[in-house]
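Notes for the structure review
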Amino acid sequence: MRAQNGLEPFAHRCRVYYEDTDAGGIVYYVNYLKFMERARTERLRHLGFAQSQLAGENLLFVVHSSEARYHAPARLDDELLVSAHVTELNRASLRFTQQVRRAADNALLCEGQFLVACVRADTFKPRAIPDALRTAFVDESSAGTHSEQEIKRGS
């Protein structure tokens, strides 16, 4: 993961546990999606927004679509670095690009892209991303985590 403007991009650290592996001793493919989900949640927390707080404000984020590419296996006890980089910010959705890397050698293990929709908790209908959260993502991009060209603003 490269630094932009001298700042390290956001990455969530996690460890591979026995429960994450298959009979061959490698991480079962679907568990990479769980690691990336946790990184998106921790990214929100890093910005000052807890999922529980947002749910109390009638707001949920749900995955609309996902795509993953697998490059190399992770194994039991590997420490992983999982990025969560916002590349598109629309009125009621965010697009994340994510990578899972092994901390020991920075090897790319898995990468993916996720379109996450903002919905009302009571009806699951789309709703606008709150201004405070939108501002937090934009302010962070201005601080160097993303280039401004990478965040597209939708209507």
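Presented here is a report on the structure given in the accompanying data block. What you see as residue numbers is a count from 1 along each chain, following the sequence as written. Selection of residues for local features in this predicted model requires a pLDDT of at least 70, selection of side-chain atom pairs for listing and counting requires 80 or more, and totals for whole chains, interfaces and linings are taken over all residues. Values shown for side chains rest on all heavy atoms present in the structure; no hydrogens or waters enter the calculation.

So, about the environment of Ala84. Strands are runs of DSSP state E lasting at least 2 residues, helices are runs of H or I lasting at least 4, and numbering of each runs from the N terminus. Within the element layout of this structure, Ala84 appears in the loop between β3 (79-83) and β4 (85-89). Spatially, the C-alpha atom of Ala84 lies 9.7 Å from that of Leu44, the residues being 40 residues apart in sequence. Other than its neighbours up to four places away in sequence, Ala84 contacts Phe10, Ala39, Arg40, Arg43, Phe96, Thr97 and Gln98. We call two residues in contact when some of their heavy atoms are within 4.5 Å.

A pair of Phe, Tyr and Trp rings is counted when the ring centres sit within 6.5 Å of each other, with Trp represented by its six-membered ring. The angle between the planes then sorts it: under 30 degrees is stacked, over 60 is edge-to-face, the rest tilted. In total, this model carries five aromatic pairs according to the counting rule given. Put simply, the rings of Tyr28, Tyr29, Tyr32, Phe35 and Tyr70 touch in pairs and so form one group of aromatic residues. Across from the ring centre of Phe114, 4.4 Å away, lies the NZ or CZ of Arg40, which sits over that ring. Criterion for a charge above a ring: Arg CZ or Lys NZ at most 6 Å from the ring centre, at most 35 degrees from the ring normal.

We count a salt bridge whenever a side-chain nitrogen from Lys or Arg sits within 4 Å of a carboxyl oxygen from Asp or Glu. As enumerated under the stated definition, the model contains nine salt bridges in all. Glu37 is paired through a salt bridge with Arg40; the nearest N and O atoms lie 2.5 Å apart. Taken together, the residues span about one helical turn, with Glu37 and Arg40 both in helix α1 (residues 29-46) at a distance of three residues. Residues Arg102 and Asp105 are paired through a salt bridge, measuring 3.2 Å at the closest nitrogen-oxygen approach. Classification of residues uses two cut-offs on accessible area relative to the type maximum, computed with a 1.4 Å probe and protein chains only: under 20% is buried, over 50% is exposed, and between them is partly exposed. Accessibility expressed as a relative area gives 46% for Asp105, which makes it partly exposed. Shared partners join several salt bridges into a network, and the residues in it are Glu67, Arg69 and Glu111.

One recurring pattern in soluble globular proteins is that nonpolar side chains are buried together. For our purposes a nonpolar core is just a set of buried Ala, Val, Leu, Ile, Met, Phe, Trp, Tyr and Cys residues, chained together by side-chain atoms within 4.5 Å. Membership of the largest hydrophobic core comes to 33 residues, with the highest contact counts inside it found for Tyr32, Phe61, Leu80, Val82, Leu94, Val100 and Phe137. Looking at this core, the elements that each hand over two or more residues are α1, β2 (59-70), β3, β4, β5 (93-102), β6 (108-120) and α3 (131-142). In contact with Val82, not counting residues within four places along its chain, are Phe10, Ala11, His12, Cys14, Phe35, Met36, Ala39, Gln98, Gln99 and Val100.

Interpretation note: all reported values are geometric properties and have no functional meaning in isolation.
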